[in-house]
Structure formats: structure tokens, C-alpha cells
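An overview of the molecular structure
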2 protein chains.
Amino acid sequence: MTETVAERRARLMGPNVPTFYRSPVHIQRGDGVWLWDKDGKRYLDCYNNVAHVGHCHPRVVQAICAQAATLNTHTRYHHDLVLDYIERLTATLDHGISQAIMVCTGSEANDLALRMAQAVTGKTGIIATDNTYHGNTAAVSQLSTRRPPIGGRAPNVRLVPAPEALHPLGGSRAAQAQTFADNVARAIAELQAEGFGFSAIMLCPVFANEGLLAPEPGFLGPTVAVVRKAGGLILCDEVQPGFGRVGSHFWGHDALGFAPDVVTVGKPMANGHPVAACLARPDVMAAFRDAFGYFNTFGGNPVSAAACLATLDVIEEEGLQARAAQTSAYLMERLRALRHGRIADVRAAGLFFGVEFAGDGAGEFVADLVEDMVAAGFLLNRIGRNGATLKMRPPMPFGPEHADLLADALQQALDKR
Amino acid sequence: MTETVAERRARLMGPNVPTFYRSPVHIQRGDGVWLWDKDGKRYLDCYNNVAHVGHCHPRVVQAICAQAATLNTHTRYHHDLVLDYIERLTATLDHGISQAIMVCTGSEANDLALRMAQAVTGKTGIIATDNTYHGNTAAVSQLSTRRPPIGGRAPNVRLVPAPEALHPLGGSRAAQAQTFADNVARAIAELQAEGFGFSAIMLCPVFANEGLLAPEPGFLGPTVAVVRKAGGLILCDEVQPGFGRVGSHFWGHDALGFAPDVVTVGKPMANGHPVAACLARPDVMAAFRDAFGYFNTFGGNPVSAAACLATLDVIEEEGLQARAAQTSAYLMERLRALRHGRIADVRAAGLFFGVEFAGDGAGEFVADLVEDMVAAGFLLNRIGRNGATLKMRPPMPFGPEHADLLADALQQALDKR
């Protein structure tokens, strides 16, 4: 008997290792917005944000090759590339955020952000939403709701109800921003009453994992006011919206119109090379560096810096932020025109789309739809409570021509259900 | 006024970012055991274990280039390379350790190891030594003694006195193994009395950060017995000794002769590409996977797996483990022949050397010696309490010809002091 790949994975990686789709795809090759499996079947990648400027972009590959052949050390020696990169990256950020700690994963970046808030405030209370994910370290996984931690959640963590598009907090979209802020204020009061005090709220500005709320500018105004009044920090997880994906702006928080104290970035930063960063104002960085020792061996190594710089080059030179805005508008038009009785809401934050379905068993309906689409050669997935929202978050070179392929295939799949 | 690199670092990275040496070196290029700074000055690398098979090894560079140009995704799709690698890596491990979770840094691997122990035992008490470092996540940094965490150390962590070569626990090297075990037993009893219970001890088998004890086989026998009796796990941090560095064996724990429950690996694993892993027996992995959800976006991606496989290829094909053993014996002979009144001990764990100096101001003496050696074109550093131990841990292709250069330069530097 030949061992299947799934069996081999279970033998070598253990049980419960997540894969996508009922029949996991075995991807072998990538180019731009396209992926091919081991049998040569081609898929339009409507999902992967890590390959931000397109799978195997030659510019990024070349930068990695050239630097890996020249030098790969660490930041305990001087090197220009990591400084060149932090200089260019922070130039895209406003709000006085001008310094960075380079790490390897978004989880490491968020783990640091929590300690930055602790260093600044001297408090430990943390707030996140009750339907999110910010990473997988022991500390950061406390903020994730996918599975409660063994032994229960840490007492210094409060999860407030996540805002939603179809069932908004407070009963209406108009009331939701204030209701969310009121819940944050209540959580702060609890943390203070219990002696933890309040250090920070960690948020994705477009509420990506919560089902992609894609809120309007100003939505977080009342929450920011509540946080500021309590002396806490805004930790802005830009792992999904950042690097131009939201289209209108380079950063999600600028699209929303608020000033974070700490910004964390990861996945798309170097088109798949493992690198991430925690960015902050000098006063926040100084408080952290005064309170904690920190060094990351791989973080900011010359190869990572070269990959990061090349990714920024491509975003700028290929105009990918503007392209995201254009494709977003075009695909939204196509998605709004989809015909199916279960479609309840269509929304986007730039090149990040959610189509929410309603009715009994909506989550199962979307799960089946996802499988149909994979069979048809389109990779996408679902999010939100009950997984009733179809999630599309393609590489940034995804254009109107790909949007048409996707929308046509979606309508065909919907017609059969 | 032109901004210096140090000033630029402070502006972009913040204060207190660690560099090596009083005048940090600005490294530009690497090849094998050699590094060149921006002025073309050549250094013999006697320090960097990350560039395990030599700086910019063409085989690893080529593997990274080829795979980066073909596909770089994640383990939610099937792919063979990550499985090929785990299969080959676990084949080097005994003690039933046959499964792995691929991550990006040793810190992430150790952060996972702590949760594995928690999942298996249902307890949270953790023991490490009082002069060590196992990583930089919020959870793992609790085990590091470089700087106590803000707000104090977590109450479930106990740091026991680190064994030492010159001032052994219990007053003699013969007594030290038992005294160390007795202290672990006392810490376990305390954790149990305080309600945390005992989950695990985390140890580097050669006590690298503690000053490179490089203990004899069997040293940890009494400690392992104490841990087993209490139902705890041995989490073996092989980030420094692993991958053949100890020379006599592929793994440090096999050189010492004990069976760990979890093995963590990092830095040298892919010659500088950011990858690490947490390896365990299937029963430990199953307990973890049952208790915690875990996915790491970059962990085990095809490029990382290709870099890991190429690094293993080079270790095997170039016979680097045997070379480490040979060079170790040769350089130890040379180090033992060094003439200086302050030299108190010379020890090695394969291609990892410590020369400990004694007397008033020994730490300062070694600090000055390190600077002299850097000026002479040799990169090394110091470890141990007061930093009185000269630390040499070169890339694995370091051979007798390099050992001669190093020993000659050391004697010259010592002659001047």
C-alpha cells in the first residue's frame, strides 16, 4: 500500500494539522496570480496575501539570490540594508512612527507589541475582539478565539464582541461604532477593577478575521477616544490590510483615519520570505528597549532586508496599490451583480473581498461553494462567524481580467446551488 | 555632518539595540569561514554558528534560489519538500522522536515546547538554569536571566543554579551532577507546593549559554531521573549543539546520553534562512495538537524546506560532523598549549570552545582580549558569569588550518597582556 500525502503528513507532522479544502490541493508551482498542482492543473489564486506582489516575482527572487550569495548575518554587526529598509518602510507611515524591530513572523511582532504596551503603561490588561486571530505564540494566542487555551484564558485578557456587518452590535450599523467603543470601555473598567490595569487594545483595522467588516472611515473614532482616555495604546495589526492592499491608502489605519501607537506587519512584507516587524514611535520604542532586552537572530538579516526592499520596489514600480483600488472597484461591481437568493452582503477593503450568505446552514452552503470553486480552479476560502462569508484576498497583481474569471465562475457555481 | 551607522541605527531601531564589540564591525561579504567588512578587511569567523555549513554555501544558496523561483507557499497545501525534510531530520533522532512542527525561529520552537509540556502534564511549572537564554517570546523570555522581565518573573518559573566548570555546584566537579539534580528536585517540590505542578525542565545539553560547561556523558543522569520521577518532560534546546557541532554525535543529548521528550532546533538549520522546528514523540505531539490549535504561515514553506534539505546534504556530503570532531581535538591541543597566567580552564563540546580566565577583573580581561582579536581579524566573543570565558563557535568547515591561525593569534594577543 502506498502512503498518501495526508497519511505521510499525519505520520511526520502529527494529528490535527490544518489543511485547506476537503481534498487538499498539492501545489507545485506558482507564477503571478497562478498556481499549478502536481498534476498540472492550474488555479487562479484568489486567496494568498503572502505572495503579495505575485508568486515567485522575479525581482524578489533575484534580490534573495543575490544577497544570499553575498552575505547573510545578523544585526549585531552593522549592515546598511536593514537600515535602508526601515527608513523606506517608516517613510510610508505617519503618526510619528519611525522605528522598527525586525522579526520573522507576525506572531513575533504582535508578541513584541504586547510588551511595548506593557513597558509604556506599566499595566498588563489587553483587549481584543472575540472572533479574531493575531498569532500563535503562547502570549499572543491568548487573544485568539479559534480555540480557548488549555487551563483557560489569562485573566488579563478581555475579548469584546466583534463588530459585524449583518448582525451589527447595538442593532444597527449606525450604532455599531459607539456600541463597540462602549464594550471596550466596559472591558477597560473591568481590567482596572481587577488590578491588571489597561495597557492596550490590539486590532486589525479592517477586522479581517472577524469576517472582513471593512468599516467606513471614522468607525474606530469612538474606540480610539475611549482607549486614549484610559491611557492605553492602540496596537494595529496590519498583517492583512497593509502594504497597499486596502487600495485607498498604504495602511489600513490610514484608510480608517486613526493614529496607532504600534503597527505590526508580517506575511506580505517580503512576498513569502519569513520576515515581519513591529513599528513604533521613538517614545514607545525607548520605553520597550528600556524595560526589556531583545534581540532576534534572523530578524533583519541582509537577505530578509533585500527581499523586503525588492517587495517595496515592486509595489511602487508596478503601481500595485492603485491597481488594488481599481480591481477592487471593478470586482465589487461584478460581485454586487451576482445572482443568488442567499447573498446578504458584499463588501471589500481594497483587494480583500467578502460575500456574506444568509439563511439556515449558510456556513455549510459557503463551504460547499468553496469546494466547487476549487474544483473549477479557483482558490479562495471563508471567514466570519459560522464561516458564512466567502473570503477572497488575492495577490496584488490580480487585475480586472482575473476578476472577470472569478466572478463568472462564482456565478456558475451559484447557479448550481 | 554625516550620520554614522551607529547613529542611523539608533534613529531607526531605537536605543539599546545590541551590537558586538566596542567598534561594531560592518560586515559586507561572506564565504565559508571568512567574512569581509565594508573596507575589505578580512575576518576569520570563529563565532557564527548560524552559517553552519559556511557563509553563503553555494549548495544552500542554489536550493533557495531554485525553490523561490518555483513556489513558496505554506503547509495548508500539500507539498513534498517539508515532508521529505521532516523524514530526513527525524531519521537522525532516536528516542522515538519522529514528528515535527516547523516554525521560523528557535524562540518560536521553545515557545511551542513549553506548551507541549503543558499539554502532556496538565501542569505549568517550568525549570531552567539561572544563567541562560532560550529565546525572546514573552513566554520564553521568562526563562532568560539576561534581564528580569518587567513586573517580575512569572511565578510558575524556577531558575536553578547553573552548573559551572571553575566553581562547580557542591564544591567539586564530582559532586556537581548530583547537586544540580538536587536543586532541580527542590524547585519541583516548590512548584508543586505552590499549585503550579511541574511540567518540564528546558536545558541546553552542553550548557552553552551558561559558559559552555561541556559536561561529560552521564552528567544529566541524576537530573533526568528526578524529572522523570516527578512526571515532567525534558525539553532539549539543541539550537547550539545540534546538527553535528558536538562532533561525537549529531545531537548534544546523544553526546550526553539522555533521552529528551522534545527537541528544539533553530539557527544552524538552514544556514541562516529563518527556519526552526520543535520535534517530539507522537504521544507528545498528539497531546499538544489535541490541546492547542497551531499553524505557522511561514513555517515549513517550500523554500525553507529546500534550504533545510540542502544544509543537511552539505553536512553529510562534506562530512562536517567528523570534521568538527577532528578540528575540535586539534584546536583543543592548541588551546591547552596557550601560555598565560590567567588561563584557568579550556573546554570544548566539539566545534564549540571555551577558554576561561581567572583572577580579579577576568571579565574585563577577556573583553579586552576579544577587542584585540577583532582588531587582528578574528571574530569571537565571551560567555559565562562575568563573561570570563572566551567563546569560539565557528562555522563547521573551520579546519585545522583555521585553528592554527586562531591559536597563533590568540597567543600573540595574550603575550601583550
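As a reminder, the structure under discussion sits directly above these lines.
Quick look at the structure, then.

Conventions we followed
- Every residue gets a number counted from 1 within its own chain, in the order that chain's sequence is written.
- Chains carry letters and ligands carry numbers; both start at the beginning, A for chains and 1 for ligands, and go up in the order they are written.
- It should be noted that, the model being predicted, local features are given only for residues of pLDDT at least 70 and side-chain atom pairs only at 80 or more, the latter also being counted only at that level, while totals for whole chains, interfaces and linings use all residues.
- Helix numbering and strand numbering both begin at the N terminus, where a helix is a DSSP run of H or I of at least 4 residues and a strand a DSSP run of E of at least 2.
- Here a residue counts as buried when 20 or more other C-beta atoms sit within 10 Å of its C-beta, as exposed when there are 12 or fewer, and as partly exposed otherwise, the C-beta atoms being derived from the backbone.
- When the copies are superposed, the least-squares fit takes in the C-alpha atoms of residues with a pLDDT of at least 70 in both.
- For the purposes of this analysis, a nonpolar core is taken to be any set of buried Ala, Val, Leu, Ile, Met, Phe, Trp, Tyr and Cys residues that are connected through C-beta atoms within 7 Å.
- By the convention adopted here, residues are in contact when the distance between their C-beta atoms, placed from the backbone, does not exceed 7 Å.
- Multiply 1.5 Å by the residue count of a helix minus one, and that product is the helix's expected span.
- To get an axis, a line is fitted to the C-alpha atoms, and for a helix only the part in contact is used. The angle between two axes follows their N-to-C directions and goes from 0 to 180 degrees.
- Put simply, angles under 35 degrees are roughly parallel, angles over 145 are roughly antiparallel, angles from 65 to 115 are roughly perpendicular, and the rest are oblique.
- Each crossing is labelled by how the near helix is turned from the far one, with a counterclockwise turn of less than a right angle marking it left-handed and a clockwise turn marking it right-handed.
- For this scheme, ten residues count as nonpolar: Ala, Val, Leu, Ile, Met, Phe, Trp, Tyr, Cys and Pro. Four count as charged, namely Asp, Glu, Lys and Arg, and the remainder, Gly too, count as polar.

Focus: unusual backbone geometry
Negative phi values dominate among residues other than glycine, just as trans dominates among peptide bonds. All names here are of chain B. Look at tyrosine 21: it is not a glycine, yet its phi comes out positive at around 75 degrees. Among the secondary structure elements, tyrosine 21 is positioned in the loop between helix H1 (5–13) and strand S1 (27–31). On the basis of neighbour counts, which here come to 16 C-beta atoms within 10 Å, the residue tyrosine 21 falls in the partly exposed class. With a phi close to 55 degrees, leucine 212 is a non-glycine residue in the positive phi region.

Describing the relation of the copies chain A and chain B
Note on the identical chains: chain A maps onto chain B by a rotation of 180 degrees and an axial translation of 0.0 Å, with an RMSD of 0.0 Å. Accordingly, the operation relating the two chain copies is best matched by a two-fold axis. In terms of C-alpha distance to the rotation axis, chain A has Cys65(A) as its closest residue, with the C-alpha 2.7 Å off the axis.

A closer look at the nonpolar core
Where a protein is soluble and globular, its nonpolar side chains tend to be buried together. Val262(A), Ala277(A), Cys278(A), Val262(B) and Cys278(B) are the most contacted members of the largest nonpolar core, which totals 293 residues. With residues up to four places along the chain from it excluded, the contact list for Cys278(A) reads Ala100(A), Ile101(A), Val103(A), Ala109(A), Leu112(A), Ala113(A), Val262(A) and Thr264(A).

What to know about helix H4 (residues 106–121) of chain B
Residue and element names in this part refer to chain B. Here H4 spans 23 Å end to end across 16 residues, near enough to the 22 Å set by a 1.5 Å rise per residue. The buried count for H4 comes to 15 of 16 residues, which makes it a mostly enclosed element. Where H4 terminates, the next one or two residues include glycine 122, which has phi positive at roughly 75 degrees.

Concerning the packing of helix H5 (residues 173–193) of chain A against helix H6 (residues 221–229) of chain A
Residues and elements named next belong to chain A. Closest axis-to-axis distance for the H5/H6 pair is 7 Å, and the angle between their directions is 20 degrees. In this view, H5 runs roughly parallel relative to H6, as classed from their interaxial angle. When the axes of H5 and H6 are compared, the crossing they make is right-handed. Side by side, H5 and H6 meet where Ala177, Gln178, Phe180, Ala181, Val184, Ala185 and Ile188 of the first sit next to Gly221, Pro222, Thr223, Val226 and Val227 of the second. Within the contact of H5 with H6, the residues separate by chemical class into nine nonpolar, three polar and no charged.

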